[in-house]
Amino acid sequence: MRKERVLGGKWDFFKGCSDKTSLAQLEPVAVTVPHTWNSVDGQDGGNDYYRGICCYRKHFPCPAFFESSQELYIEFGGVNSSADVYFNDVRVCLHDGGYSAFQVRIDHLLKDENELLVFVDNSPNDSVYPQTADFTFYGGIYRDVKLICVEDTHFEFTKYGGKGVILQTSVQNGTGILKIHAKVSGRYERVLFSVADGVSTVAKGEGTDVEIRIPSVHLWNGLEDPFLYKVKAEIHCGNFIVDSLEYEVGFRFFTFDAEKGFFLNGRSYPLRGVSRHQDREGVGNALTKKMHEEDLSLILEVGANSIRLAHYQHDQYFYELCDKAGLVCWAEIPYITKHLEAGFQNTMDQLSELIEQCIHHCSIVCWGISNEITAGGNSEGLYMNNKALYDRCHEMDCTRPVAIAHAFMLPINDKVVTLPDIAGYNLYYGWYLGNMEGNGFFLDACHKAHPELPIGLTEFGCDANIKLQSSNPTKGDYSEQYQALFHEFMCSEIDKRPYLWGTYIWNMFDFAADARDEGGTRGRNCKGLVTFDRKIRKDAFFAVKAWYSKEPFIHICGRRYVNRCEDFSEVKVYSNQKEVELFCNGESIGKKKGEHVFVFNVKLSERNEIRAVCGDLSDTIRVRKVQKPDSSYVLASSSEIRNWFEGLQLISREGFMSVHDTVGDILETADGKNIFEDVMSLRQSNAADDIASQVEIPREMMLMTMKDVPLSEILRRSRIPDGEIRRISGELNKIHKERI
């Protein structure tokens, strides 16, 4: 029978070791696998984390093993990005792709004492994805390594890391259909399958290509009832079972409707989700099961019913957790940001591995084949790569649609938009460019242009540093308050658009992006609803929870905004209840009825205990009245930008245009159009502190989303020289508003 054990514990680690010759010249460091060498330098900023070749070495004695009738394999759960494997001085494997499992046979090379060497490479190259993206590419053996002993007759490991059994489920008229394809190595008499519902066996099948039907099947029904059946696969030789595998599967049916959104088991089930990266502060991507479980718990707490597992294949354990919890999953490969002409085969291999290893997971409803891949430039080769991936998906799995997440700068009439079965756009209006309303304008325009294509919002969000607080939050201040305000607005806008099949907040957790240095935090993308260490739920977490969660709760915002200099302070409460009463120092401020957001105006004393109550629910914060603003609440660079702009003392003439007019109004005149073109040219040629300035946005989309934005907002986010700002202001002051 099959036996497994983890090759964990201490390994020898050699940093900067590219081959066996240099191994003897380096002193090893003892590490525990799973391990990444970028858990510190990949999170501290500077875009200088070590990307190169390192070596892991493990010595172990020959395991209990019958050479004449058994085979021995090593399975790697994840090695980023490429693994060159040697066993007892023999090269046994080269695997490119850092997020999928692979196996290596070693029994023919066994000795009494054995040496395993794994040269791991996360160096920049032109053929293995990802190479360009806004997250850290941690190097290391960061998932479990296992020894697997099987009989010479066994379910055969496949080219793409599968275990030899493919399970696909569907539902027809209340009957569950389980299609099974098994690949067996060696001589056998019978291959048997059984399906159990937790109480008894409900169906059986025999053979290597089997279809099992289960009448009146118990459906996997999302969060409400994530029911799973247990499938056992057995190979029989005479009176002996020589190999056995077990899976959990769910039966469900679903559709993506271009007008009405997502349907699960025949009922409307709008997907309101979050995205997740597999890393954590001080740990990198070498996560433990407990960490995976904590992530899932927080995702369920916020009320999400779906998750986008970005931007690569995640740990099998997390897919299993999603199956059991009822979370609907988007699964994808790291074909991201920039198309590599030499990377075609790697995309095909990574997709094939993702599907073959994860096809049995009922939580997965689509295969994502690329993310923002046009951001680094569009081409016919890029299109054909996506087309080949699309075709491969449908060859391997006819039960799920193919998805692409598009970058916001991709024109809605580009042929890449309509290539997949379902599409999504990653939109950041209200953060990187334009205003919040731009997200809705963009989605509506795309839906109008392609009424037959199911459209989703696959990323949206903004950064927040919990140290930064504001009574007057604005775009670009990185305050906790602006992030919460942003998600309030987006939740309400999403509710107005039933055609959206799914929406995914970017991101559930802050994550490492070593090239970043913004918002007062180096090496980190701070768009998470929860901090990198998972210790603090930001106010935006509770804004989303007020819309998504059915679990009764109440939350007062601003608990980190302790020092307040205003006489009357806005106190905001999030809740999914219908009425909230607020108290300050024991006195009732009043009751308010509503939904999701309750706003009170509180006169501050020197010390204030503020308490919100709804039935048995309550929450309390404490704040102080101070004489001057707390400078630690304001990002220094953001303050400099604001003060710099206000310090220009630009003149506004009554009845004439100024920088405070909207782009739409300015464009109403020929002179205004010329001035706006001048601004856009200056903005592009001067390095702005805004990622939007680094990409080419289609003109029609830019104008659509900027028309209601004051020109001052665009100037404030730019680094256009002071003299040019004054010149632009002066030219606008010459345009009489009567001409509009």
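Residues numbered from 1 in each chain as written. Predicted model: local features only at pLDDT ≥ 70, side-chain atom pairs only at ≥ 80, totals over all residues. Heavy atoms only, no water.

Student: Would you mind showing me how to read the overall build of the chain here?
Tutor: On a plain count of helices and strands, the chain comes out with 14 helices and 44 strands. Taking 2.2 N^0.38 as the reference for a compact globule, 740 residues should give roughly 27 Å; the C-alpha atoms of the chain span a radius of gyration of 28 Å, in line with that estimate. In terms of principal-axis extent, the alpha carbons of the chain reach across some 95 × 60 × 55 Å. Here the chain holds 740 residues, and the buried ones make up 61% of them. A fraction of 70% describes how many contacts in the chain between residues 6 or more apart in sequence connect residues 24 or more apart. For the chain, the accessible area works out to roughly 29,600 Å², and carbon and sulfur atoms hold 49% of it. (Helix = DSSP H or I, 4+ residues; strand = E, 2+ residues; numbered from the N terminus. Rg over C-alpha atoms; globule rule 2.2 N^0.38 Å. Buried < 20%, exposed > 50% of the residue type's maximum accessible area, 1.4 Å probe, protein only. Contact = heavy atoms within 4.5 Å. Areas by Shrake-Rupley, 256 points an atom, 1.4 Å probe, with all protein chains shown as cover.)

Student: Can you walk me through the sheet that holds strand β2 (residues 10–14) in this structure?
Tutor: Sheets are built from strands that pair by backbone hydrogen bonding, the pairs being arranged parallel or antiparallel. With antiparallel pairing, the six strands of this open sheet are ordered in space as β3-β2-β4-β10-β7-β8. In this open sheet, the two strands that pair with only one neighbour each are β3 (29–32) and β8 (90–96). Averaged over all neighbouring strand pairs, the angle between strand axes comes to 25°, with direction disregarded. Examined bridge by bridge, strand β7 (residues 82–87) and strand β10 (residues 113–121) share six bridges and lie antiparallel to one another. (Pairing = 2+ DSSP bridges. Axes fitted to C-alpha atoms, helices over the stretch in contact; angles between N-to-C directions.)

Student: Is there a simple way to explain the layout of surface pockets in this structure?
Tutor: Think of a ball as big as a water molecule: rolled over the atoms, this probe shows where empty space is left. A volume near 1,200 Å³ is recorded for the largest pocket. In this structure, the largest pocket is lined by 45 residues; those nearest its centre are K146, K163, Q316, Y317 and E320. Secondary-structure elements contributing two or more residues to the lining of the largest pocket are β1 (3–6), β5 (70–76), β14 (165–172), β23 (240–249), α2 (289–302), α3 (316–325) and α4 (344–358). Tallied by class, the residues present in the lining of the largest pocket amount to 15 nonpolar, 15 polar and 15 charged. (1 Å grid on protein atoms, 1.4 Å probe; cavity = no way out; pocket = protein on both sides within 12 Å on 5 of 7 lines; lining within 4 Å. Points joined across faces, edges and corners; volume = space filled by probe spheres on them. Nonpolar A, V, L, I, M, F, W, Y, C, P; charged D, E, K, R; others polar.)

Student: I would appreciate a short explanation of helix α14 (residues 722–732) in the present structure.
Tutor: Since there are 3.6 residues in each turn of an α-helix, residues three or four apart along the chain are aligned in direction. Within the sequence span of α14, burial applies to I725, I728, S729 and L732. An end-on view of α14 places all buried positions within 100° of arc, on one side of the element. (Arc of directions from axis to C-beta.)

Student: Looking at this model, I keep getting lost on the confidence of the model for the chain. Mind explaining?
Tutor: Predicted coordinates in areas of low pLDDT are best not read in detail. Of the residues in the chain, 94% reach a pLDDT of 70 or more, and the chain-wide mean stands at 93. Low pLDDT (under 50) marks residues 638–645, which in the prediction has 19 contacts with non-local residues, meaning those over four places away or in another chain. This stretch, residues 687–696, has a pLDDT under 50; its non-local contacts, to residues over four places away or in other chains, come to 21 contacts. (pLDDT = per-residue confidence, 0-100.)

Student: Is there a simple way to think about the pattern of salt bridges in this case?
Tutor: Side-chain pairing between opposite charges can occur once the charged atoms of the two side chains come close. All told, the structure shown has 48 salt bridges when counted by the stated rule. The salt bridge involving R105 is made with D107; its shortest N-O contact spans 2.7 Å. For D397, the salt bridge goes to R400, with nearest N and O atoms at 2.9 Å. Here D397 matches R400 in class, with each residue buried. In the salt-bridge network here, residues are joined through shared partners; they are D134, D463, R516, E518 and K527. (Salt bridge = Lys/Arg side-chain N within 4 Å of Asp/Glu carboxyl O.)

Student: Looking at this model, I keep getting lost on the side chain of N507. Mind explaining?
Tutor: If you trace the backbone, N507 turns up in the loop between β34 (500–505) and β35 (511–518). Excluding anything up to four places from it in sequence, N507 contacts S275, R276, H277, K527, G528 and L529.

Student: I tried to follow the side chain of T531 on my own but got confused; where do I start?
Tutor: Note on placement: T531 falls in the loop between β36 (521–525) and α8 (539–548). On the basis of relative accessibility, which here comes to 9%, the residue T531 falls in the buried class. Here D533 takes part through its side chain, which lies 2.7 Å from a polar atom of the side chain of T531. With residues near it in sequence (within four places) discarded, T531 still touches I466, D510, I536 and K538. (Polar contact = N/O pair within 3.5 Å; in protein donor to acceptor, adjacent residues only side chain to side chain.)

Student: Got a minute to help me understand unusual backbone geometry in this structure?
Tutor: Glycine aside, negative phi is the norm for most residues, and most peptide bonds take the trans geometry. Going from V33 to P34, the amide bond is cis rather than trans, its omega being 10°. Relative to the assigned elements, P34 resides in the loop between β3 and β4 (53–61). Following A310, the chain continues to H311 via a peptide bond in cis, the omega torsion being -20°. If you trace the backbone, H311 turns up in the loop between β28 (306–309) and α3. At E372, a residue that is not glycine, the phi angle is positive and equals roughly 50°. Here E372 shows up in the loop between β30 (364–371) and α5 (380–396). Relative accessible area serves as the criterion here: at 18%, E372 is assigned to the buried category.

Student: Sorry if this is basic, but what is going on with the sheet that holds strand β39 (residues 568–575) here?
Tutor: Strands sit in the order β37-β39-β42 across an open sheet of three strands; the sheet is antiparallel. Among the strands making up the open sheet, the edge pair consists of β37 (554–556) and β42 (596–603). Between one strand and the next, the sheet's axes are offset by a mean angle of 25°, whatever the strand orientation. Of the strand pairs in this sheet, β37 and β39 are connected by three bridges, and their pairing is antiparallel. Among the inter-strand pairings, I556 is bridged to a residue of β39, identified as V573. Of the strands in this sheet, β37, β39 and β42 touch α8, which is tilted by about 50° from β39.

Student: Sorry if this is basic, but what is going on with the nonpolar core here?
Tutor: Soluble globular proteins tend to bury their nonpolar side chains together. The biggest cluster of nonpolar side chains holds 103 residues, and the ones touching the most others in it are I299, M508 and L529. The element that contributes the greatest number of residues to this core is α8, accounting for eight residues. Among all residues touching M508, those that are not within four sequence positions of it are V274, S275, L298, I299, V302, G528, L529, V530 and F541. Core analysis: the next-biggest nonpolar cluster, separate from the first, contains 30 residues, L7, V31, W37 and V85 among them. (Core = buried A, V, L, I, M, F, W, Y, C linked by side-chain atoms within 4.5 Å.)

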